[in-house]
Amino acid sequence: MSSKVEKNSFISAHGMKMPIIGLGTWQASEEEVETSIDAALEAGYRHIDTAFVYMNEKAIGKALKKWFDSGKIKREDLFIVTKLPNVGMNEKYVGKYLDQSLSDLQLSYVDLYLIHHPVGLAPGEDLLPRDGDGNIKVDLNTDHVAIWKALEKQVDAGRIKAIGVSNFNSSQIDRILKAARIPPANNQVELHVYLQQKKLQEWSKKTGVTLCAYAPLGSRNMSNYIKKFGATAESGSGLDPLSDPVVLHIAQTHNKTAAQVLLRHLMQLGIAVIPKSTNPDRIRQNFEVFDFELSETEMDELNGLDKGEEGRKFVGGIFKGIEHHPEYPFGNK
């Protein structure tokens, strides 16, 4: 059931062909999007990752249309990913949020549509609904299988090429697999050298549900993001893989950057990566990872840096109360 890795893409066990490196756009402002997409497409990226909750899909759509209109690139050359928001976690809202994303992106279909997070939040315009005590207002009626059936209908309609999930644990995906007519093609999760999710990697190989790593460089900006909400991270806040001595030594050996080594490590494990940057030079550097290979010894050294759950960054007080939802994914793997 394992995926087949090619030079710059992999083919999932269920037939989805995804470029193994993409451009992450989380926290990219509308002003930064055009510069980022221009730099990425010029460098050779063909995989763009976004989400409804990033609130920048209109800017991405505008940037993509400019490229399509120029004739420099065709729609079928690109792999575009977006996601169903937590406040849309009900089968009756799937069409609504997909409609909005397609309209904003100025596309007739997306290549991969993900359920952004297993926890459903109270529906409405507020993407992070809270009660008077500051707790996230959750929707306890979240039904992953019902949502999945609605996504399958959108695939049948030609508006989505492949469907998957994000931030799900293996038991949650197993439940979907048992009921699915169209299996999940991908699970996008936090994954980097300090949080390698080795059990999930093994499970992925057995089931053919490929992995895509967000925050593959360790997300230096996460602490700043959390501070906006007046909260602190529960773990991983002081960890920075880009300054790890082992990573820096290997980078020096290959005359590469620490970021390039971190990306190459995951790619050699058969994991797609979507590093986020708005700096054109770093965007180009992050794509220059196909001209070197890490040795077995170097891979072992990097595999040894795993800190397990202590390395996780994307949990914290910004989502106070979300852990009480029955589908909270990090409590029981």
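For the structure, see preceding data.
Procedures and definitions
- Residues numbered from 1 in each chain as written.
- Predicted model: local features only at pLDDT ≥ 70, side-chain atom pairs only at ≥ 80, totals over all residues.
- Heavy atoms only, no water.
- Helix = DSSP H or I, 4+ residues; strand = E, 2+ residues; numbered from the N terminus.
- Rg over C-alpha atoms; globule rule 2.2 N^0.38 Å.
- Buried < 20%, exposed > 50% of the residue type's maximum accessible area, 1.4 Å probe, protein only.
- Contact = heavy atoms within 4.5 Å.
- Areas by Shrake-Rupley, 256 points an atom, 1.4 Å probe, with all protein chains shown as cover.
- Lys, Arg positive; Asp, Glu negative; His and termini not counted.
- Charge placed at Lys NZ, Arg CZ, Asp CG, Glu CD.
- Axes fitted to C-alpha atoms, helices over the stretch in contact; angles between N-to-C directions.
- Left-handed = near helix turned anticlockwise from the far one by under 90°.
- Nonpolar A, V, L, I, M, F, W, Y, C, P; charged D, E, K, R; others polar.
- Right-handed = clockwise from strand over helix to strand, strands pointing away.
- Pairing = 2+ DSSP bridges.
- Salt bridge = Lys/Arg side-chain N within 4 Å of Asp/Glu carboxyl O.
- 1 Å grid on protein atoms, 1.4 Å probe; cavity = no way out; pocket = protein on both sides within 12 Å on 5 of 7 lines; lining within 4 Å.
- Points joined across faces, edges and corners; volume = space filled by probe spheres on them.
- Polar contact = N/O pair within 3.5 Å; in protein donor to acceptor, adjacent residues only side chain to side chain.

Participant: Help me out: how do you make sense of the overall build of the chain in this one?
Facilitator: When helices and strands are counted, the chain shows 11 helices and 11 strands. Scaling as 2.2 N^0.38, a compact globule of 333 residues should have a C-alpha radius of gyration of about 20 Å, and the chain matches this with 19 Å. With the C-alpha coordinates of the chain rotated into their principal frame, the extents come out at 55 × 45 × 40 Å. Here the chain holds 333 residues, and the buried ones make up 56% of them. The contacts of the chain with a sequence gap of at least 6 include a subset with a gap of at least 24, amounting to 74%. Here the chain has roughly 14500 Å² of accessible surface; of this, 47% comes from carbon and sulfur atoms. Counting 40 positive and 43 negative side-chain charges, the chain places the averaged centre of each group 2 Å from the other.

Participant: Hey, could you run me through the side chain of D49 in this one?
Facilitator: With respect to the helices and strands, D49 occurs in strand β5 (residues 47-49). Ignoring sequence-local partners within four residues, the contact set of D49 consists of L23, G24, T25, Y54, V81, K83, Q188 and I274.

Participant: What exactly am I supposed to notice about the packing of helix α1 (residues 30-43) against helix α10 (residues 280-287) here?
Facilitator: A pair of packed helices can be characterised by two numbers: the angle between their axes and the separation between those axes. In contact at an axis separation of 9 Å, α1 and α10 are set at 35° when each is read in the N-to-C sense. In the crossing of α1 with α10, the sense of the turn from one axis to the other is right-handed. In this structure, α1 uses T35, S36, A39, A40 and A43 to contact α10, whose residues at the interface are P280, I283, R284 and F287. Partitioned by chemical class, the residues of the contact of α1 with α10 number six nonpolar, two polar and one charged.

Participant: For this particular structure, what's the right way to read the pairing of strand β6 (residues 79-84)?
Facilitator: In the case of a regular strand, side chains alternate between the two sheet surfaces. For β6, the tally of buried residues reaches six of six residues, placing the bulk of the element in the interior. Handedness of the crossover joining β5 and β6 through helix α2 (residues 57-70): right-handed. As defined by bridge partners, β6 adjoins strand β7 (residues 110-115) across four bridges and the pair is classed as parallel. Across the sheet, V81 pairs through a bridge with L112, a residue of β7. Crossover handedness for the path β6 to helix α3 (residues 94-105) to β7: right-handed.

Participant: Please clarify how the pattern of salt bridges should be interpreted in this entry.
Facilitator: Opposite charge on two side chains allows them to pair when their charged atoms are near. This structure, assessed with the given rule, holds 13 salt bridges. A salt bridge links E327 to R175; the shortest N-O distance between them is 2.7 Å. Here R175 lies in helix α5 (residues 170-179) and E327 lies in the segment after α11 (296-303), a separation of 152 residues in the sequence. In this structure R175 comes out as partly exposed when scored by relative accessible area, which is 36%. Among the ionic pairs, E202 bridges to K205, the shortest N-O distance being 3.6 Å. Taken as a pair, E202 and K205 lie in helix α6 (residues 198-207) at a separation of three residues, close to a single helical turn. With a relative accessible area of 43%, E202 lands in the partly exposed category.

Participant: I keep staring at empty space enclosed by the protein and nothing clicks. Help me out?
Facilitator: It is a probe the size of a water molecule, rolled over the atoms, that shows where empty space is left. This model, assessed by the stated rule, comprises one cavity of 30 Å³ or more. Taken as a whole, the largest cavity spans an internal volume of roughly 30 Å³. In terms of lining, the largest cavity is formed by L23, G24, T25, A28, V33, S36, I37 and S277. Elements with a contribution of two residues or more to the lining of the largest cavity: β4 (23-24) and α1. Here the lining of the largest cavity takes three residues from α1, the largest share from any one element. When its residues are assigned to classes, the lining of the largest cavity shows four nonpolar, four polar and no charged.

Participant: Just checking my understanding: could you explain helix α9 (residues 258-268) for this structure?
Facilitator: For an α-helix, 3.6 residues make a turn, and residues three or four places apart therefore share a direction. Of all 11 residues that make up α9, 10 are buried, and the element is covered over most of its length. Along α9, the residues classified as buried are A258, A259, Q260, V261, L262, L263, R264, H265, L266 and M267. Elements that come into contact with the buried residues of α9 comprise β10 (210-214), α8 (245-254), β11 (272-273), α10 and α11. Of the residues flanking the end of α9, it is G270, one or two places downstream, whose phi is positive at about 80°.

Participant: So what exactly am I meant to see when it comes to the environment of K17 here?
Facilitator: Tracing the sequence through the fold places K17 in strand β3 (residues 17-19). Linking K17 and D77, residues 60 residues apart in sequence, is a C-alpha distance of 12 Å.

Participant: What exactly am I supposed to notice about the side chain of S166 here?
Facilitator: For S166, the position within the fold is in strand β8 (residues 160-166). According to the relative accessible area criterion, S166 is buried, its value standing at 1%. Side-chain polar atoms of S166 contact the side chain of N167, separated by 3.3 Å. Excluding residues that lie within four positions of it along the chain, S166 makes contacts with L114, I115, H116, H117, P118, N187, Q188 and Y214.

Participant: Would you explain the pairing of β10 in this entry?
Facilitator: In terms of residue burial, β10 counts as a mostly covered element, since five of its five residues are buried. Neither face of β10 is open: one carries T210, C212 and Y214, the other L211 and A213, and all of them are buried. Bridge count for strand β9 (residues 186-190) against β10 is five bridges, and the pairing is parallel. Across the sheet, N187 pairs through a bridge with L211, a residue of β10.

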